[in-house]
Every structure is written in structure tokens, then in C-alpha cells.
Amino acid sequence: MIVYMKRGATEEQIKAVLRRIEEYGNSYNIDKEGEHVLIGIRGDTRAVSEGVFEQLPGVARVIRVSPTWKEVSREFKPKDTSVDIGNGVKIGGGHFAVIAGPCAVESYEQLIKTAEVVKAAGGHALRGGAFKPRTSPYAFQGLGEEGLKYLKMAKESTGLPIVTEIIAINDIELFLKYDVDVFQVGARNCQNYALLKELAKTGKPILLKRGMATTIEEYLNAAEYLLSHGNSNVILCERGIRTFETASRNTTDVNAIPIIKQLSHLPIIGDPSHSTGKRNLVASIAYALAGAGCDGLIIEAHYNPLLAKTDADQQVDGEELKRIIKKSIAIRDIVEEDVSKLYNGGTK
Ligand code: PEP
Ligand code: MN
């Protein structure tokens, strides 16, 4: 971190900055750039607040050189992280995987029919929400524990690892009891730090979706909560952000894929379902995300999308899913060379 003093800052003002640095337990070095005195703060500056220095008299500005999301950064770990989600499925570090399934688990029949469709289409894991964070309290909230039971049964019959959303700390035990392979943290809970800290303790793979109004900086800091509390089995997910545009459900931030791959070693997948909200846009955006270099996709699919109780407008059927998976894998292969140039090959 560098503290830039104003031109003409007094000895006293400089000394006050140095005293504050010592109070944090850090050391410093002093340099000059033209008429400005520059004070470099040495050591771990994650707990040091820029604001504290900016408020001191004589300080022009403060620049953070190393990010607070240290363990998430590629500087900390240059090599790509590959997350093993069970039953031989890996995401990241050269492994591309597609998680597919209904928005919500609605019944055993619906889930098992859809799981078979996902498997036949070439999907690698099964998604399905048992606890749904719905905008309206009157909307279908999910089957709860019964849904987890069906997910476990679907895994036993298809061999697909299961991915399902957790919305409360109190449900963690239940998720462990039903052998959930990947704990999904939805957009609405991206910055629920209490939940993230508890989830870190499980050591289970966590699919952390980007919040709908979360900057990349805030998103990487949210992921840091998991890593700094001992869990590096983290998969990131770009699921669209909220912008002024209303023609689609969200706006897919395709830029976030290569930007995050440069900044972080963590795998990142794309969600073309929630980022568009429309079935007939899912394929195009899946290809855009694969072309941008993501490590996989999460796609809402239903054996009969018209019957879906939640997110019916965006779920695709088995035929569409199969086409999307096949072409996305081909596109990801085509761009591999360009993607790996972005971060020195991920030093695989
Ligand atoms: C979901 O995956 O069904 C979901 C609720 O997604 P998001 O958290 O991205 O809105
Ligand atoms: Mn959904």
C-alpha cells in the first residue's frame, strides 16, 4: 500500500502517518516522486484501511497494491484450481463440466425424468433447488428436506453428483446428511458472510454465484471469506448482473470471465439461464461464455419445461441441452490457446 503525501506536506504530518503505520504493526519505506513524499507500507496490509490514512492531514491519496482477496488471487497461487465434485467430475484446471437440471425439485418423478435427460445429453452433474429463495413469499418455496431426499435418490440412480442451493446456516447439517456434493450459494447470498464462514467449515465444494449487483472486486472478496476460513474448493459463477437493460432478465457480464481468470486461480462457470431468463437465448449466451473461456456451465433444464413450477421461461429440454453441451465443449476447445495466453497457460 502506498500513501501519497500532498505537495508541501509537513514533517509533523508525515510523522503522524508513520505513527499510524506502526500502530498497525507494519513497517515502511519513504521515497520521493517530484515534490511528493511517498510512504510505502510494508508487510501484510489486508487489515489496513485506506480510509484511516486518507483522513490524515497532508495525505493526497492511498493506493492499494496487493488485493485484500489474497488467497483467491493468481499472485498467491498461479496454478489453476481444479475442484473435484465427486463421482469423477472435476471443474477447472482444464476440466470443463456442465451442471444441468431443473430450477426447483418439484417431485421425484420430475427430478428423475430430468436427471435421465441430463445424463443422456452429456451433462456432468445434476442441479435442482430444494430450498428456493423466491422474490415473492407466496411463490413455491421448494420441497425442502423432501427435495434433498429426491436429489440423493437421483444421484444413486444416475451417478450424477448433485448441486443444490443452501439459503440458511441451519440447513447445513441436513445437506451433509443427504450427501449434497456441491453447496450452491445463490446470487442473493453472495455477500452473506455469516453463511460463507459456516460453509467454509464443511470443506465441501461451494458454487458461489455472483450477486446481481456485486462488482468483481466485491465478488472476489466474498470468495476470500471461504478460502481464508479454510475451504479452497470454490467454483465461481457469472450469472448475469442487473443493469438498466430490461429486454433480458439480467445482463451477462461476459467480460467477467477472462477478467476473473486473469485475477484468480479459481474455476469460473457461466449461467446462461439466469443471465438471460429466456429459453431461446440460452444457447447463444452459453456459446459466448464458453468462448470467453469459462470452465463449465450451469443450465436449467426440465424434461418438459412448460410444466416447470419455477423459471419456466428459461428452462431448456433434453434435445436443446444436448446441442448446447456438445457445441459449448467444442467452442471451449477452439479458444483454449487464446484463453491460456491470458494467464500464462494457467501453468497447468
Ligand atoms: C438458481 O440457480 O435457481 C438461482 C436462484 O440462481 P441465482 O441465485 O443466480 O438467481
Ligand atoms: Mn432458477
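Residues numbered from 1 in each chain as written. Chains lettered and ligands numbered in written order. Predicted model: local features only at pLDDT ≥ 70, side-chain atom pairs only at ≥ 80, totals over all residues. Heavy atoms only, no water.

Caption draft 1: Up close: the site of ligand 1. Within the structure, ligand 1 sits among C103, R127, K132, E165, Q184, G186, A187, R188, K209, R239, H274 and E300. One nitrogen or oxygen atom from the side chain of R127 is found 2.7 Å from an oxygen atom belonging to ligand 1. R188 places a polar side-chain atom, nitrogen or oxygen, 3.0 Å from an oxygen atom of ligand 1. Along the lines of polarity and charge, the residues of the shell around ligand 1 split into two nonpolar, three polar and seven charged. (Near = heavy atom within 4 Å. Polar contact = N/O pair within 3.5 Å; in protein donor to acceptor, adjacent residues only side chain to side chain. Nonpolar A, V, L, I, M, F, W, Y, C, P; charged D, E, K, R; others polar.)

Caption draft 2: Structural context of the packing of helix α6 (residues 193–202) against helix α7 (residues 216–228). Interhelical geometry of α6 versus α7 gives an angle of 35° and a closest axis separation of 8 Å. For the pair α6 and α7, the sense of crossing is right-handed. The segment α6 lies against α7, with Y193, L196, K197, L199 and A200 engaging A222, Y225 and L226. (Axes fitted to C-alpha atoms, helices over the stretch in contact; angles between N-to-C directions. Helix = DSSP H or I, 4+ residues; strand = E, 2+ residues; numbered from the N terminus. Left-handed = near helix turned anticlockwise from the far one by under 90°. Contact = heavy atoms within 4.5 Å.)

Caption draft 3: Summary view of the environment of V234. In this structure, V234 sits in strand β12 (residues 234–238). Placed 210 residues apart in sequence, V234 and Y24 show a C-alpha to C-alpha distance of 31 Å.

Caption draft 4: Region of the structure containing the side chain of E224. Relative to the elements of secondary structure, E224 occurs in helix α7. Despite its burial, E224 pairs with no opposite charge; the closest candidate is R46, at 4.2 Å N-O. At a separation of 3.2 Å, a polar atom in the side chain of E224 contacts the main-chain amide nitrogen of K70. Only 2.9 Å separates the side chain of E224 from the backbone nitrogen of E71, close enough to count as a polar contact. Other than its neighbours up to four places away in sequence, E224 contacts R46, T68, W69, K70, E71, V72 and H229. (Buried < 20%, exposed > 50% of the residue type's maximum accessible area, 1.4 Å probe, protein only. Lys, Arg positive; Asp, Glu negative; His and termini not counted. Salt bridge = Lys/Arg side-chain N within 4 Å of Asp/Glu carboxyl O.)

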